[in-house]
Amino acid sequence: MQFDKPNILALSLAGIIAVLIWVLTSSVLYVSTGNDAYLLEVGMVSIAMFIACYLVIRYSVEEFIYNKVKIIYKNIHNLKIGSDEDEDEIVRSTDLDMVTREVSEWAEQRDIEIEALQVRENFRREFVGNVSHELKTPIFNIQGYLLTLLDGALDDPEINRRYLKRANKSVDRMIYIIQDLETISKLESNMIQLAYSNFNIVGLVKEVFEMLEDKAKERKIKLVFKKEYDKPIKVYGDRQKVEQVLINLINNAIKYGNDKGKVEVRFYDMDKQILTEVSDDGVGIPQEDLSRIFERFYRVDKSRSREAGGTGLGLSIVKHIIEAHKQTINARSSEKAGSTFSFTLQKGK
Ligand code: ADP
């Protein structure tokens, strides 16, 4: 027998009633008959009354508590248990300690859910704010150029071409932002299926070097391997997506690198993975910003990023792609000494 609260209550009440019955009945019988011959029978009846009272009281108390507990359980399991049909699923419990425990677990779970929803809501609000802010600048620029043209600049053949070109540049900027946003939303909703294959990452880096050669030359930046890689290094991943990662990282290394500087790529063999490092000797990233640079629209130097045509989404895309491969990316930097981005890929065959 468990000495829980309903049991103690039932035992105490039944005990009091049995003792009262025993005392009252024996007194009445003693007074009326003048002897104590019925004492044993009265005792037996009292014990029977004690057992009966105990069972009735215990049942009533349990039913009372269970009815209250049922309402609590129904509220807690509201989502799962909608109707009386599912009543069997409710734990038939009158153990108040257990109910208290379950209620506090439920409340804790709710707190966590509410917190997650708040974070998501803030994230969404911030994201919408960022997108509109990013698009506002090129839109206002375009509007400015058009108004100037309408105000008379249209008739000046030299100015009108210049303004139209500038307006077109702002349109290009909007297109980049929208394309990057589209890529991110596809990556986030897992709409992009990775097309896995084995490929040589040294060859891929060479292709990206060629692609970005002109841009690097403009600032007299050298694109080089840290050492000779005469043998192929095979990795297993989505070649096109990894190309996007390399383009974004090497492009950033050029954008935030120093004139006449150097962008170096290096590979490390790590048992089951290949680690690729892209380093530059540029402006670097302050320590306090390092953990945030992979966030959407996060920029250390806003004006430098925009001047260089950045959308603030490049690293966020890179992180998504690497994480979709179930791999990791990391950034380290010391201000003025440059930055290094490294990511892993599964070794290929
Ligand atoms: P952006 O389009 O602005 O370059 P990214 O997402 O690619 O956006 O990068 C986010 C920010 O991280 C950049 O605005 C820049 O401040 C910083 N950053 C990225 N790569 C480098 C780098 N190689 N050196 C210094 N800062 C960098």
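Residues numbered from 1 in each chain as written. Predicted model: local features only at pLDDT ≥ 70, side-chain atom pairs only at ≥ 80, totals over all residues. Heavy atoms only, no water.

1. A short note on helix H3 (residues 96-150)
Next up, step 1: Taking 1.5 Å per residue as the helical rise, H3 with its 55 residues ought to reach 81 Å, and the 78 Å between its terminal C-alpha atoms agrees with that figure.
Next up, step 2: Most pronounced at Lys136, the bend in H3 amounts to some 30 degrees, and the proline Pro138 follows within four residues.
Next up, step 3: Listed in full, the buried residues belonging to H3 are Val99, Val131, Glu134, Leu135, Pro138, Ile142, Tyr145 and Leu149.
Next up, step 4: Along its buried surface, H3 packs onto helix H2 (39-76), helix H4 (157-188) and helix H8 (302-307).
Next up, step 5: Directly after H3, the chain includes Gly152, whose backbone phi takes a positive value near 135 degrees. (Helix = DSSP H or I, 4+ residues; strand = E, 2+ residues; numbered from the N terminus. Expected span 1.5 Å × (residues − 1). Bend = angle between axes of the 7 residues up to and from the residue. Buried < 20%, exposed > 50% of the residue type's maximum accessible area, 1.4 Å probe, protein only. Contact = heavy atoms within 4.5 Å.)

2. As for the pattern of salt bridges
Next up, step 1: The full count for this structure, using the stated rule, is 16 salt bridges.
Next up, step 2: The residue Glu62 makes a salt bridge to Arg58 at a minimum N-O spacing of 2.1 Å. Here the residue Glu62 and the residue Arg58 both occupy positions in helix H2, the gap between them amounting to four residues, near one helical turn.
Next up, step 3: The buried category is assigned to Arg58, whose relative accessible area is 17%.
Next up, step 4: Glu134 serves as the salt-bridge partner of Arg299, at 2.7 Å between the closest nitrogen and oxygen. Remark: Glu134 occurs in helix H3 and Arg299 occurs in the loop between helix H7 (287-290) and H8; sequence separation between them is 165 residues.
Next up, step 5: We classify Glu134 as buried; its relative accessible area is 4%.
Next up, step 6: The network of salt bridges with common partners includes Glu121, Arg124 and Arg125. (Salt bridge = Lys/Arg side-chain N within 4 Å of Asp/Glu carboxyl O.)

3. Remarks on the nonpolar core
Next up, step 1: Formed by 51 residues in total, the largest nonpolar core has its most connected members in Ile201, Leu223, Leu249, Ile250 and Phe267.
Next up, step 2: Residue assignment places this core across two domains, with domain 2 (127-188) and domain 3 (196-347) each supplying three or more.
Next up, step 3: Once residues within four sequence positions are removed from consideration, Leu223 is found in contact with Phe209, Leu212, Glu213, Ala216, Ile250, Ile254 and Val263.
Next up, step 4: Ala14, Ile57, Ile65 and Val99 belong to the second largest nonpolar core, which has ten residues in total. (Core = buried A, V, L, I, M, F, W, Y, C linked by side-chain atoms within 4.5 Å. Domains from an automatic or database assignment.)

4. A closer look at the domain arrangement of the protein chain
Next up, step 1: You can read the domains of the protein chain as domain 1 (5-94), domain 2 (127-188) and domain 3 (196-347).
Next up, step 2: The straight-line distance from the C-alpha centre of domain 2 to that of domain 3 is 28 Å.
Next up, step 3: Taken together, the contacts link 14 residues of domain 2 with twelve residues of domain 3.
Next up, step 4: Counting the surface lost from both domain 2 and domain 3, the interface buries some 1300 Å², and carbon and sulfur atoms represent 65% of this.
Next up, step 5: Broken down residue by residue, the surface that domain 2 buries against domain 3 is led by Arg173, Ile184 and Leu187, which jointly contribute 38%.
Next up, step 6: Counting across the interface, domain 2 meets domain 3 through two salt bridges.
Next up, step 7: Counting across the domain 2 and domain 3 interface gives five residue pairs in polar contact (both at pLDDT 80 or more).
Next up, step 8: Mapped by element, the contributors of at least two residues to the side of domain 2 that touches domain 3 are H3 and H4.
Next up, step 9: Counting residues per element, the side of domain 2 that touches domain 3 draws most heavily on H4, at nine residues.
Next up, step 10: Of the residues assigned to the side of domain 2 that touches domain 3, the class counts are seven nonpolar, three polar and four charged. (Buried area = accessible area lost by both parts, 1.4 Å probe. Polar contact = N/O pair within 3.5 Å; in protein donor to acceptor, adjacent residues only side chain to side chain. Nonpolar A, V, L, I, M, F, W, Y, C, P; charged D, E, K, R; others polar.)

5. Concerning the pairing of strand E5 (residues 273-280)
Next up, step 1: Taking burial as the measure, the eight residues of E5 include seven buried ones, the bulk of the element.
Next up, step 2: Linkage of strand E4 (residues 262-270) to E5, two consecutive antiparallel strands, is achieved through a turn of two residues, within which Asp271 is found at a positive phi near 55 degrees. (Pairing = 2+ DSSP bridges.)

6. Side note on helix H6 (residues 239-255)
Residues three or four positions apart in an α-helix share a direction because the helix packs 3.6 residues into each turn.
Next up, step 1: Counted at 1.5 Å a residue, the expected span for H6 with its 17 residues is 24 Å, and the 24 Å between its end C-alpha atoms agrees.
Next up, step 2: Burial runs high along H6: 14 of the 17 residues are buried.
Next up, step 3: The distance from a side-chain oxygen at the start of H6 to the backbone nitrogen of Gln240 is 3.1 Å, and the residue carrying that oxygen is Asp238.

7. As for the site of the ligand
Next up, step 1: Around the ligand, the surrounding shell holds 22 residues, and the nearest of these are Tyr256, Asp280, Ser305, Gly312 and Leu315.
Next up, step 2: In this structure, Lys255 approaches the ligand through a side-chain N or O atom, which is 2.9 Å from an oxygen atom.
Next up, step 3: Between the ligand and the protein, one listed contact pairs an oxygen atom with a backbone N or O atom of Val300 at 2.9 Å.
Next up, step 4: The fraction of the free accessible surface of the ligand (530 Å²) that becomes covered by protein chains is 98%.
Next up, step 5: Mapped by element, the contributors of at least two residues to the shell around the ligand are H6, helix H9 (314-324) and strand E7 (338-347). (Near = heavy atom within 4 Å. Areas by Shrake-Rupley, 256 points an atom, 1.4 Å probe, with all protein chains shown as cover.)

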